[in-house]
Each structure stands twice: as structure tokens, then as C-alpha cells.
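Here is what each chain is made of, one letter per residue.
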Amino acid sequence: MWLFRKIPGPRFIPLLGVAAEIVQADPSETLSIIQKYAQLYPGILGAYLLGIPVVVLTDPDLIKTILSSKQHVDKGVLYAFFKSWISEGLITSHADKWRVRRKLLNSSFHVKILEDNVGNFWKNASYMVRCMLEKKSTPIKLKEYLSRCTLDIISETAMGVTLNSQKHQNMEYSHAINRTLENILYRGLHPYLKKEWLWGLTRRGYEFNKDVKILQKFTDKVVRERISKYNPKNEVNGNEIDEFTRGKEKKPFLDTLIELKLLHPGSWKTKDIQEEVDTMMFAGHDTSSATTAFAIWMIGLKDEIQEKVYQEQYDIFGDEIREVSTEDLNKMTYLEMVIKETLRRFPTVPMLMRTLQQDVQFEGEPLIPAEVNLIISPFLLHMDKNVFPEPHVFDPERFTPEECSKRHPFSYIPFGAGPRSCIGQKFAMYEIKIILSTVIRFCKIKSITKEEDVKLIPSVLIRPSIPLEVIIEPRLPTGGS
Ligand code: HEM
């Protein structure tokens, strides 16, 4: 502990530390409090959170050392509170289990699978646009439409199961996820709730356990449905699947898991499939829907940006009403800049955590002892005014190739970086691009929610303090704007 004390940082209220200040403040102030301390102790700061010593890194060089390392891949304390929900899936698993699984699952996110699924992305995006247009210029809450759309996309593309939650307007799963993430953060900030039995006695603990049942029942149905339809024959070039053919063909994620269970019944059980499916359904839909909602809202606030993204779409498609292709997607360079700026200004995952396996000694800094929890915050990095001048201003021009080349690669990390970075980042970029392209081609967006009224709340994922509302109107094929 004496080693930890050498790291600069606020040392008051040693038991709760900075957490005490966060707990007492309004949730919308959380990020400003963290920002205040990061500015007071630039580069590296030590603080107590939940009575646990944590070190926050904000220097991109130090961050590079940790995130690029193959050794520091164990997650931090907060992830323990996810376990009764997503158990030991890819997000939460310890280093040894994670290394094996990540290697097995990487091929399910190969770009070839994404290219094969462009039609699926498009089908769901255009269905969403039709639903939005049916609202005939009355304000709509973006997150509701996007949550259902991205849930249908992840279950069709990664699980091979059609949910039709857009058609049935089903929000039960998404609402349960929202409450669960809020409750995990609440528990994380109240150290006395660490004990399972005590947590279960509280109102929030009760709600959490009830929601976990809803979430697992939902994914259990997905797994059962796919297993019942899975046919091991004719899967790889007409041959029955075996150890040799497995992995030669790029397959949807859930089929890869089912194959592993068939080939290794001893080491792969239904429980192992379930935890990875729970992980992927959550990670694969809530993140993309939140980012896309922020992007549509920003586009609807900034006429100039809306005009530019629309012109790019018009140059690609003209007045044609046709499905998007991979070649079209490659031409959407401005739209990609808008998405990158959205992920800078509203980093969906505001904070990453690692537990150090060994002491770390950065040059010229005090030693960081093993077992300390490290926090690396995309939010703090992306709001650094020395790297992104006027960081509150939404400006896609920050992402021209020329501007990007001027920055440290670890100063912008919306998907994390290094071996434990987001496995679904290409998936997310395809998905968000296709949804935005479809909305922009066929709709005019007018944002109702004002920028100054929205604060950001870090409820594990970043959320707006109030719903983002827009009015969607049809664009007529007029030959441009
Ligand atoms: C805008 C969308 C997304 C953002 C911003 C995002 C961001 C992130 C971040 C920051 C991490 C943690 C990296 C770390 O701890 O160093 C992560 C991990 C992960 N993401 Fe994403 N993600 C997105 C979409 C997706 C999608 C679409 C999927 C699946 C289809 C996905 C699946 C995962 C998984 C499984 C992990 C854990 C990876 C591991 O530990 O090996 N994410 N994501």
C-alpha cells in the first residue's frame, strides 16, 4: 500500500475516496468529477474507488504500454458484478480462459461474414426506416427504434435466429439491459453491497436478479432454437463436420459454438455456449444502437453536416431505391468520419479496466504495484483539449486522414486497443454505416432534443440524461438536396 501512496492523486476519505464524491453528486456530474481529477493529476493519478486503490492513466504512451501488452489482459473489479448475468463470457473471463476462447471466436467476426450479411443489415435498417416514417412527423425516441433494429441484426447475423422484435415492438430485453447496467454501476459505487446476500435483500438487488432472469430466458430461447435447427451435415462444402473441416469455413458465431460442443462435449457444455451468447447479445446490440442514436441526433442538429452526408449518399445511389453493397460502403468516407466523431464525442464505453498481474514501472513515474486496478478512459482521452481542440464541438473534419496522422494512435480508442480490444468493431462499423446510410438516403432528420439539455451519464455504457428525440420526414427523390 505504501507503494501506491507514492502515485500522485487525491488522498482524502481513504475508505471511499473519489467514489464518495461521485455517489453524493447527481449522476450527470460523474464524468465532470472524473475529468476534474484527471486534469489536476495529468498522465497518471492514484485514487481510492470503492475502498480499492485504482490508478487512472491518461497519457497515451503509458496506455499503449498496458493495452498492447499480452500480459495485462485481466479485467478490473467492476466486471465481477457482471458475472451472475454474463458469467465468464469473453468480456469478463480471466486471462487463461479468455486466450483460448478469443482465438476460437475471432474467425466468426471475419470480414467475409460481414460482407455476406450486408443484405441482412440492410433489410433490418430499411424496415426500421419504414417504421420511423409511419410516425408521420411526430417526434420519436431514437433509442427505441435502434435498440430493436440492432437486436434483430445481431440475432440474425451472429445467432442465425430471426427475432422480429421490430415487428412485435418488443423492448423487454433492451429495457432489462438498461436497468441491469445501472444497477451494476450502483453496486460498484456502494462497496457495502459487494456481499451477494446483502445485495439480494435490497430493492435494486431484487430488480437486478429479476432482470437477469429475463435476459437469460431470452438468450436461452435463442440458443435452443438454433441448436434445434442446426444440421451438422453439409456444413462444410457438403462434408460432415469434423476436427479437420472445423474453422475452414467462416460461420456465424453461434454455429461455431454449437460445433465446438459437438466436437468437444467434455469441455464445451450448453452453459459455455450460453455465457458467450449472453455476452454477445448484450455487447453486440446496445453499443451500436447507442452510437447510432447519438449520430442521427447530431446529424439532425447540424444542417451543414446533414447536407454533406446526404450529398455523399446521393452521389453513390442517385434516386435508385436499391440495396446497399460492400462497394457502396467503401465509398462512404464522409459518413465514416461522422461515425468516428460520434464515437469520440460520445464514447459508448467510457471506461476500460485492467487488473495488473505484475508490478509496472513506467520511466520517471512511481512503481505501480501488482493487483492494482487500472482505469483507462476513452472519454477522458477524447475530451483532451490539447489533442482535440474545443472538444465539445462536434466536428467530423477531425477525422480526415491528414488530421488523424497528426495524433497519437492511442489518443482515440473507442473500441479499446491491443489483444483485448473489441472483437466486434468491424461488425459495428458495418452495421452503423448501413443503418445511417439507409436513414439518410430516405429521410430528413430534425432533432428536437437540444444539445445544451443533454448531459452524459456513464451507466457502464454512456447514456444521454434525457431521451434523444427527432422528427423524421421522407426525402423525395429530387436529384439532391
Ligand atoms: C459502437 C459499437 C461498439 C463499441 C464502441 C465497442 C467498444 C468496446 C470496447 C471499448 C471494448 C473493451 C475493450 C477493452 O476492455 O480493452 C469492447 C469489448 C468487446 N466488444 Fe465491443 N464495442 C462495440 C460493438 C460491439 C459489437 C457489435 C460486438 C459484437 C458483435 C462487440 C463485442 C465485444 C466483445 C465480445 C468484447 C470483449 C472482447 C474481449 O475481451 O476479448 N462489441 N467493445
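An unreviewed UniProt entry annotates the protein as Cytochrome P450 originating from Apolygus lucorum. On record in UniProt, under Cofactor (unreviewed entry), the comment for the protein is "heme".

Along the protein, the regular secondary structure elements total 20 helices and nine strands. Along the first, second and third principal axes, the C-alpha atoms of the protein reach 65 × 55 × 45 Å. Within the protein, the fraction of its 481 residues that count as buried is 43%. At a minimum sequence separation of 6, the contacts of the protein that also span at least 24 residues come to 75%.

Surveying the vicinity of the ligand reveals 26 residues, the closest of which are G284, T287, G416, C422 and G424. Counting only elements with at least two residues in the shell around the ligand, the list comes to α14 (270-301) and α20 (425-442). Take the shell around the ligand: its biggest share by element is seven residues, from α14. Considering only residue class, the shell around the ligand consists of 15 nonpolar, nine polar and two charged.

It is worth spelling out the sheet that holds strand β1 (residues 44-49) at this point. Strand order in this open sheet of four strands is β1-β2-β5-β4, and the pairing throughout is mixed. If you trace the sheet from one side to the other, it starts and ends with β1 and β4 (352-355), each paired once. Ignoring which end each strand starts from, the neighbouring axes of this sheet average 30° apart. Where β1 lies against strand β2 (residues 52-57), six bridges are found, and the strand directions are antiparallel. Following the sheet pairing, L49 is matched in β2 by I52. Contacts between helix α4 (residues 60-68) and the sheet are confined to β1, β2, β4 and β5 (373-376), with β5 contributing the most and set at about 120° to the helix.

When the UniProt feature table is mapped onto this chain, "binding site: heme" (unreviewed entry) is found at C422. With 19 C-beta atoms counted inside 10 Å, the residue C422 sits in the partly exposed group.

It is worth spelling out the packing of α14 against α20 at this point. α20 packs onto α14 with a crossing angle of 40° between their chain directions and a minimal axis gap of 10 Å. As summarised for this structure, α14 and α20 are arranged oblique, according to the angle between their axes. As for how α14 packs across α20, the hand of that crossing is right-handed. Side by side, α14 and α20 meet where G284, T287, S288, T291, T292, A295 and I296 of the first sit next to F427, A428, E431, I432, I435, L436 and V439 of the second. Considered class by class, the residues forming the contact of α14 with α20 number eight nonpolar, five polar and one charged.

Looking only at helix α3 (residues 30-40), the buried set comprises T30, L31, I34 and A38. With its buried residues spanning 90° around the axis, α3 presents them on a single face. Away from its buried face by more than 90 degrees, α3 exposes S32 and L40.

Of note, N164 is a non-glycine position whose phi angle comes to about 60°, a positive value. One can find N164 in the loop between α9 (142-157) and α10 (172-189). Accessibility expressed as a C-beta count within 10 Å gives 14 for N164, which makes it partly exposed. Its identity is not glycine, yet E390 carries a phi of approximately 45°, on the positive side. Residue E390 is classed as exposed on the basis of its 9 C-beta neighbours within 10 Å.

A few words on the pairing of strand β9 (residues 469-474). Successive side chains on a regular strand alternate, one facing one side of the sheet and the next facing the other. Note: strand β3 (residues 140-141) against β9, two bridges, orientation antiparallel. Residue pairing in the sheet places I140 in a bridge with V470 of β9. Relative to β9, strand β6 (residues 443-447) is paired through five bridges, and the arrangement is antiparallel. For I445, the partnering residue across the bridge sits in β9 and is I472.

Taken in spatial order, the three strands make up an open sheet running β3-β9-β6, and their pairing is antiparallel. The sheet terminates laterally at β3 and β6, the two strands that pair on one side only.

A few words on the nonpolar core. Judged by nonpolar contacts, the single largest core of 119 residues is most densely connected at V55, L57, A295 and I296. It is α14 that contributes the most residues to this core, 14 residues altogether. Not counting residues up to four positions away in its chain, the partners in contact with L57 are I44, L62, I63, I66, L374 and I376.

Moving on to the environment of Q311. Note on placement: Q311 falls in helix α15 (residues 303-317). Along the primary structure Q311 and Y186 are separated by 125 residues, whereas in three dimensions their C-alpha atoms are 44 Å apart.

Our focus in this paragraph is the pairing of β2. In terms of burial, β2 is largely enclosed, as five of its six residues are buried. Across four bridges, β2 lies against β5 in parallel orientation. The residue bridging V54 from the neighbouring strand is N373, located in β5.

What counts as what
- The residue numbers shown here count from 1 along each chain, following its written sequence.
- Where totals are concerned, whole chains, interfaces and linings use all residues; where local detail is concerned, this predicted model gives features only for residues with pLDDT of at least 70, and gives and counts side-chain atom pairs only at 80 or more.
- UniProt positions are given in the numbering used here, feature names are shortened, and annotations may be inferred rather than shown by experiment.
- Counting from the N terminus, the helices are DSSP H or I runs at least four residues long and the strands are E runs at least two residues long.
- Residues are called buried when their C-beta atom has 20 or more other C-beta atoms within 10 Å, exposed when it has 12 or fewer, and partly exposed otherwise; all C-beta atoms are positioned from the backbone.
- Contacts here follow a simple rule: the backbone-placed C-beta atoms of the two residues must lie within 7 Å.
- Residues are counted as near a molecule or strand when the C-beta atom, derived from backbone positions, lies within 6 Å of that molecule or strand.
- Residues are grouped as follows: Ala, Val, Leu, Ile, Met, Phe, Trp, Tyr, Cys and Pro are nonpolar; Asp, Glu, Lys and Arg are charged; all remaining types, including Gly, are polar.
- Strand pairing follows a simple DSSP-based rule, namely that at least 2 bridges must link the two strands.
- Lines fitted to C-alpha atoms define the axes, with helix axes restricted to the stretch in contact, and inter-axis angles between N-to-C directions lie between 0 and 180 degrees.
- Working definition: roughly parallel below 35 degrees, roughly antiparallel above 145 degrees, roughly perpendicular at 65 to 115 degrees, and oblique for all remaining angles.
- A clockwise turn of the near helix away from the far one marks a right-handed crossing, whereas an anticlockwise turn of less than a right angle marks a left-handed crossing.
- This arc corresponds to the set of directions leading from the helix axis out to the C-beta atoms.
- For our purposes the nonpolar core covers buried Ala, Val, Leu, Ile, Met, Phe, Trp, Tyr and Cys residues that link as a set through C-beta atoms within 7 Å.

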